[in-house]
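The primary structure of each chain is shown beneath.
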Amino acid sequence: MLTDPFQRLNLDREVLTVSQLNGRARMLLEDVFAQVWVEGELSNLARPASGHVYFTLKDGNAQVRCALFRQNAQRVRQALRDGLAVRVRGKVSLFEGRGDYQLILDNVEPAGDGALRLAFEALKEKLAAEGLFATERKRALPAHPRRIGIVSSPTGAVIRDIISVFRRRAPHVELSLIPTAVQGREATGQIVRALALADAQGFDALILARGGGSLEDLWCFNEEAVARAIAGCRTSLVSAVGHETDVSIADFVADVRAPTPSAAAELLAPHAGDLEQRLEVLRRRLLHCTRERLRRDGLRLDGLARRLRHPGERLQQQAQRIDDLEQRLLRALDRQLCAGHERLARLETRLAAQHPGRSLNLLRQRLATLDARLPRAMQTNLRQQRQRLQSLGQTLNIVSPLATLGRGYSILLDERGHAIRRAEQTQPGQRLEARLGDGRLHVRVEDNHTDPITLPLL
């Protein structure tokens, strides 16, 4: 993965057009995501007359557009339809015309792991954990090999393609075929023996090659015995099993993986013209990178030179800052002192208001006022009480029995002082006391008539 993609694309200062932006975004996506596996559900499947296949791959939360071009679409065995769950392999790219993010696919297979796929993944994890795929254990291919051993089937187009490439590009290289079966039950053991025999012959490099096929056809190259035989070889080995889209365990263990057998031959037999062309490309790239590095370093140097300041200037700035801080400190102290003086004045005012002498003077004035008001209040109260007493006495005289006696009536009392209200309360010969309006009389009952007596009105 790129550590600094923006530096790679020169995006630090350059102003881009939309086309340039989309082009560089496509380059960045294809560089970072050169090959990914994605699983999802097909939708919006389209098959135009060109033979290309376009669809949308989605899951429950997102979707992405996919393009399967004709040459890759012809190798897909599964009939594609909307709603089909698939696992796809390809690179992340960008359709520059619309700026749409998409996947350019090279393989589509039904989702869900079969027995072979599960076994493939299990063996891959096991060997990876043991370090058989580690980059540090892989050997570099020789730059100019003289003798090359080819472990492959003696029949078929693979060996003819390899020989044709070497005749055209490097006819001086000596080729030796170590024949073996490359499919079927016996293929695993034969490949292991052929690799051991080839490794003992002192070849400069080995090629393990087979043509394309299904996962079942290529399964002997996914066996653990073959993988460990490849790992045990002391000779540099190129794995060229299947087509470009086919991946086997042998590819991971080998020192180099070639997409096709012809590509493996080209790796070990570089053409002189290709070498010269590559050297020229590398020279131009080196010259361009050197100039670009010098330009960036020059810009950086200019920037640092502008940022670099004389120590005297920095000291002046620091002195100016110290003066500014001193002025701010003095102003802050003045404000604090003013605030303290104002607070002290308020406290003195409050203290003067709460002085005991002031309180005593106020209390003395109030006592003198109350002392002057007390006699007047007592006289007024006595006068009001006297008037009330006279009024109550007059009212009492009006309802008093003594007033009734003064009009000629009397009250008869028995020996115990109880008032006689009815004649039956007396007996003949009983002595009573008659209370008059003025004085008393002692009388004796001669007779107690109980009949009602009508008194004349006076």
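Please refer to the structure placed before this passage.
Everything numeric here is computed off the predicted structure, so don't read it as measured data.

### As for the overall build of the chain
- Counting its regular elements, the chain contains 13 helices and 13 strands.
- Expressed along its principal axes, the backbone C-alpha trace of the chain runs to roughly 185 × 85 × 50 Å.
- The burial tally for the chain puts 27% of its 458 residues in the buried class.
- When the accessible surface of the chain is summed, it comes to about 32000 Å², and 53% of that surface belongs to carbon and sulfur atoms.
- Between the averaged position of the 69 positive side-chain charges in the chain and that of its 54 negative side-chain charges there is a distance of 7 Å.

### Points about helix 12 (residues 356-399)
- The end-to-end C-alpha distance of helix 12, which contains 44 residues, comes to 61 Å, matching closely the 64 Å that a straight helix rising 1.5 Å per residue would cover.
- Of all the bends in helix 12, the greatest reaches close to 25° and is centred on Leu374; the proline Pro375 follows between one and four positions later.

### Some remarks on the sheet that holds strand 4 (residues 85-95)
- Here 5 strands make up a closed barrel; going around it, the order is 1-2-3-5-4 and the pairing mixed. Neighbour-to-neighbour, the strand axes of this sheet turn through a mean angle of 55°, independent of strand direction.
- In the packing of helix 2 (residues 18-32) onto the sheet, contacts are made with strand 4 and strand 5 (100-110), and the angle to strand 4 comes to roughly 140°.

### Looking at unusual backbone geometry
- One non-glycine residue, Asn44, adopts positive backbone phi at about 55°.
- Residue class for Asn44 comes out exposed when judged on its relative accessible area of 56%.

### Let's talk about the nonpolar core
- By size, the foremost hydrophobic cluster in this structure holds 31 residues, and its most contacted members are Leu195, Leu208, Phe221, Ile230, Leu237 and Ile249.
- For this core, the elements supplying multiple residues, two or more each, are helix 4 (115-130), helix 6 (187-199), strand 8 (205-210), helix 7 (224-231), strand 9 (237-241) and helix 8 (249-253).
- Take this core: its biggest share by element is 5 residues, from helix 6.
- Leave out the neighbours within four places in its chain, and Phe221 touches Val182, Ile191, Leu208, Arg210, Val241, Ser248, Ile249 and Ala250.
- By size, the runner-up hydrophobic cluster in this structure holds 20 residues, among which are Ile148, Ile159, Ala209 and Leu268.

The rules behind the values
- Residues numbered from 1 in each chain as written.
- Predicted model: local features only at pLDDT ≥ 70, side-chain atom pairs only at ≥ 80, totals over all residues.
- Heavy atoms only, no water.
- Helix = DSSP H or I, 4+ residues; strand = E, 2+ residues; numbered from the N terminus.
- Buried < 20%, exposed > 50% of the residue type's maximum accessible area, 1.4 Å probe, protein only.
- Areas by Shrake-Rupley, 256 points an atom, 1.4 Å probe, with all protein chains shown as cover.
- Lys, Arg positive; Asp, Glu negative; His and termini not counted.
- Charge placed at Lys NZ, Arg CZ, Asp CG, Glu CD.
- Expected span 1.5 Å × (residues − 1).
- Bend = angle between axes of the 7 residues up to and from the residue.
- Pairing = 2+ DSSP bridges.
- Axes fitted to C-alpha atoms, helices over the stretch in contact; angles between N-to-C directions.
- Contact = heavy atoms within 4.5 Å.
- Core = buried A, V, L, I, M, F, W, Y, C linked by side-chain atoms within 4.5 Å.

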